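The lines below spell out each chain.
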Amino acid sequence: MKRWGYLMAAFIGAALLHLGVGQHQFGSVGQLYTEWFNGTLDKQDSFEWLAFVEASLPRLMMAITVGGALGLVGSLFQQLTQNRMMSPLTFGTSSGAWLGLVLLSILAPSLAGDYSLLMALLGALLAMVLVVTIVGINNLSGIPIVLAGMAVNLLLGAIATAIILLNDQYAQNLFVWGAGDLGQNGWEVFDWLLIRLTPIFLLIFFAPRVLQLLSIGSKGAAARGLDVSWAFFLLISLGVWLAAVSITAVGVISFVGLIAPNIARYIGFTRPRTELVASFILGAAFLALTDTLATYLGQWSLDMIPTGTATAVIGTPALVILARRRLSAQDQLSLTLPTGPDKLKNGALQWLGLAMTFLILLSVFLASSPSGYALQIPDGFEWTLKWPRLLTAIASGISLAVAGVVLQRLVFNPLASPDILGVSAGAVLALVLASLVFGYSIHGMSPWVAMLGSVGALVVLLFLGKKHEFAPSILILTGLSLTALLEALVQFTLTRVGDDKYVLLGWLSGSTYRVEGNQAITLVVCVAVSMALVLVLSRWITLISSGRQFAAARGLNLNLAYITLLILVAFLCAIVTTTMGPVSFVGLLAPHIAAMLGARQVTQQIYFSGAVGAVLLLLADFLGQIVVYPAQISAGTLVSVLGGSYFIYILVRNKSIRR
């Protein structure tokens, strides 16, 4: 009983603090409460009372309801899968619901009022089915399903971003919603939400017995008369419904469903029903506290702070800590590169050269018009637009591919790449924050600012991964978590930059469109110098690839080698991010394709990966200019969709190998 008392005290304290901070912006909180208790409050003419009833109180009730629902859903998912790291975020349902709502807002904005919930539900179900398909219905425990969920988040997020950029005139209201905000006007949204969250009572009263049976294993539950598959499907569907309802009402609020159930178990609520109820209360208290923090910082900075940003800032470290503590022997199994020949295929480099030449010629001489496509020699004005794009695509592809090779060799992880490990996200955050604070154009920032962010992300990543000797799964999950945090902070900046948000979003999608000639030349020179340094230091990479102990026995100063090579990786990533924005998955795809062509030695893989990276970005930039003409899709977005699909394929392939 003491636990319940402490729990309720924490909940009440969080609620009172939320009311106090929220009401403070409308006037004296103490005076309002004093007049109310003394019976001297004039409710007809008091602005403070009107603000309390129509703004502060509804916002608190939204925090309690949404936070409680997400906490309970997290507990339900975790009990069903026996996985302490499951939540609507890591199950992929948040990104699926977000994509569904974006599609509805763009394709049929007149229907958004009536069918938002349906589209969010369909999107969440699609994401959940995709995640379960990736890992298999019998492999829902451990870190692999979390990796799959985060991969689905990246893929669906890239698709949603592409849709918004192609239809920006219909997407004005999506930015604040996408960042997650509890600010409401009156009680209308709360009433809508409350009715649709009634399945919570069904879960609290009827789910515990099923969860208790499932906790003894599927065979034991079936022996006691439980239809495991139907019970699992029904409970998962109810959980997805609750998550979709919450996301439809307030936007993407992450990590509540991860943190609340783990705290509930930590303080002793281990039985199914008590864990569900305690998770509901803790989720409500947690969201109320994070929304209080967002409200307070918003008052201090005189601008809105989305609640989703505050929950991401607090929740991301929690995900990393849980991952480090829950790492099992199964999760430490090595991930392998795709198979390929031991030697280079004859003519492989020539074919890559021909592909690059063909794409360059197409990009230069193929002209698009409303009547179709035609081959023609570009005039002077067209050439001044085309050659910077070509140089940028080639140099960026080489840079990111080489960075991917070096990272994969250094951390013995075939899934390592600058974007997946958060290195690109660190550069993005540094550039965006510098632009926001100092008012400079994002397109004119120094690459040293981006490099500072990349180095910071690498330091955090390696520090966190050292405990488990840079185990592939934990390192990837840490990088994805860091990326999720940085993306939440970027979403926050999108709510503050007014009409320039589409310029910023276009840059965030990784576009060569706005690159000028001097920027392209600077990029080429920097990449050429960095590439030469990597080749000079290729012996270091070869020794490290053979094993750290082997390299040390050959006299290599490991600390110096790691620091030097990681700084080179950070610079390669930073110069590309500064020039054209973040580009995902090239550093993952290119080394894998090079390995499948037979490039196994370090120098071979560097050359071939660079060539493959250049071809990938040239192809993406070319297709982006023609597939939806006269609109354009950024090269980074197309590569993200392709690379996200390949990342999911790698996870599926790794699952089949484990079997």
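Residues numbered from 1 in each chain as written. Predicted model: local features only at pLDDT ≥ 70, side-chain atom pairs only at ≥ 80, totals over all residues. Heavy atoms only, no water.

Asker: Mind laying out the overall build of the protein chain, listing which residues take part and the relevant values?
Answerer: A count of helices and strands for the protein chain gives 27 helices and 2 strands. Burial statistics for the protein chain: of 659 residues in total, 58% are counted as buried. When contacts within the protein chain are restricted to residue pairs at least 6 apart in sequence, long-range pairs at least 24 apart make up 80% of them. As presented, the protein chain carries roughly 28000 Å² of accessible surface, and 65% of it is formed by carbon and sulfur atoms. (Helix = DSSP H or I, 4+ residues; strand = E, 2+ residues; numbered from the N terminus. Buried < 20%, exposed > 50% of the residue type's maximum accessible area, 1.4 Å probe, protein only. Contact = heavy atoms within 4.5 Å. Areas by Shrake-Rupley, 256 points an atom, 1.4 Å probe, with all protein chains shown as cover.)

Asker: Tell me what's going on with the side chain of Ser399, and back it up with residues and numbers.
Answerer: Position of Ser399 relative to the elements: it lies in helix α16 (residues 380–411). The residues contacting Ser399, other than those within four sequence positions of it, are Val527, Leu572, Cys573, Ile575 and Val576.

Asker: Which residues make up the packing of aromatic side chains, and what values do they have?
Answerer: Evaluated as defined, the whole model comprises 2 aromatic pairs. Arranged with centres 5.6 Å apart and planes meeting at 75°, the rings of Trp187 and Phe190 form a pair that is edge-to-face. Of the residues examined, Phe190 reaches a relative accessible area of 7% and is grouped as buried. Arg3 extends its terminal NZ or CZ atom over the ring of Phe269, reaching a point 5.5 Å from the ring centre. (Phe/Tyr/Trp six-rings, centres within 6.5 Å; stacked < 30°, edge-to-face > 60°. Lys NZ or Arg CZ within 6 Å of the ring centre and 35° of its normal.)

Asker: Before we move on, can you summarise a nonpolar patch on the surface with the specific residues and values?
Answerer: On the surface, a nonpolar cluster with roughly 450 Å² of combined accessible area is contributed by Leu391, Ile521, Val524, Val525, Val529 and Leu533. The leading source of residues in the nonpolar patch is helix α21 (residues 517–536), at 5 residues. Relative to the elements of secondary structure, Leu391 occurs in helix α16. We classify Leu391 as partly exposed; its relative accessible area is 31%. (Patch = residues over 30% accessible without salt bridge, like charges linked within 9 Å, V, L, I, M, F, W, Y side chains within 5 Å. Salt bridge = Lys/Arg side-chain N within 4 Å of Asp/Glu carboxyl O.)

Asker: Can you lay out the environment of Gly581 for me, pointing to particular residues and giving the numbers?
Answerer: Turning to its location among the elements, Gly581 is positioned in the loop between α24 (558–580) and α25 (586–596). According to the relative accessible area criterion, Gly581 is buried, its value standing at 0%. For Gly581 and Val428, which are 153 residues apart along the polypeptide, the C-alpha to C-alpha distance reads 7.4 Å. Residues within four places of Gly581 in sequence aside, it is in contact with Trp507, Gly510 and Val576.

Asker: Go over helix α22 (residues 538–545), please, and point to the residues and values.
Answerer: Within the span of α22, buried status applies to Ser538, Ile541, Leu543 and Ile544. Buried positions along α22 lie against α16, α21, α23 (548–553), α24 and α26 (602–626).

Asker: Describe the pattern of salt bridges, with residues and values.
Answerer: When charged atoms on two side chains of opposite charge get close, those side chains can pair. Here the structure, examined in full by the defined rule, presents 3 salt bridges. For Glu275, the salt bridge identified is with Arg265, shortest N-O distance 2.5 Å. Residue Glu275 is located in helix α13 (residues 272–301), and its partner Arg265 is located in helix α12 (residues 256–266); the two are separated by 10 residues in the primary sequence. You can call Glu275 buried: its relative accessible area is 3%.

Asker: Which residues make up the packing of helix α15 (residues 348–365) against α26, and what values go with them?
Answerer: Close contact between α15 and α26 brings their axes to 10 Å; oriented N to C, the two are set at 25°. By the angle between their directions, the pair α15 and α26 is classed as roughly parallel. When you trace α15 past α26, the crossing you get is left-handed. Mapping the contact onto sequence places Ala348, Leu349, Leu352, Ala355, Met356, Leu359, Ile360, Leu362 and Ser363 in α15 and Phe608, Ala611, Val612, Ala614, Val615, Leu618, Leu619 and Phe622 in α26. Here the contact of α15 with α26 is composed, by residue class, of 16 nonpolar, 1 polar and no charged. (Axes fitted to C-alpha atoms, helices over the stretch in contact; angles between N-to-C directions. Parallel < 35°, antiparallel > 145°, perpendicular 65-115°, else oblique. Left-handed = near helix turned anticlockwise from the far one by under 90°. Nonpolar A, V, L, I, M, F, W, Y, C, P; charged D, E, K, R; others polar.)

Asker: An account of α21 is requested, with residue identities and associated values reported.
Answerer: The end-to-end C-alpha distance of α21 is 29 Å, a good match for the 28 Å that 20 residues give at a rise of 1.5 Å each. What α21 keeps buried is the set Gly517, Gln519, Ala520, Leu523, Cys526, Val527, Ser530, Met531 and Val534. Along its buried surface, α21 packs onto α16, α22, α24 and α26. (Expected span 1.5 Å × (residues − 1).)

By themselves, these observations are geometric and do not establish any function.
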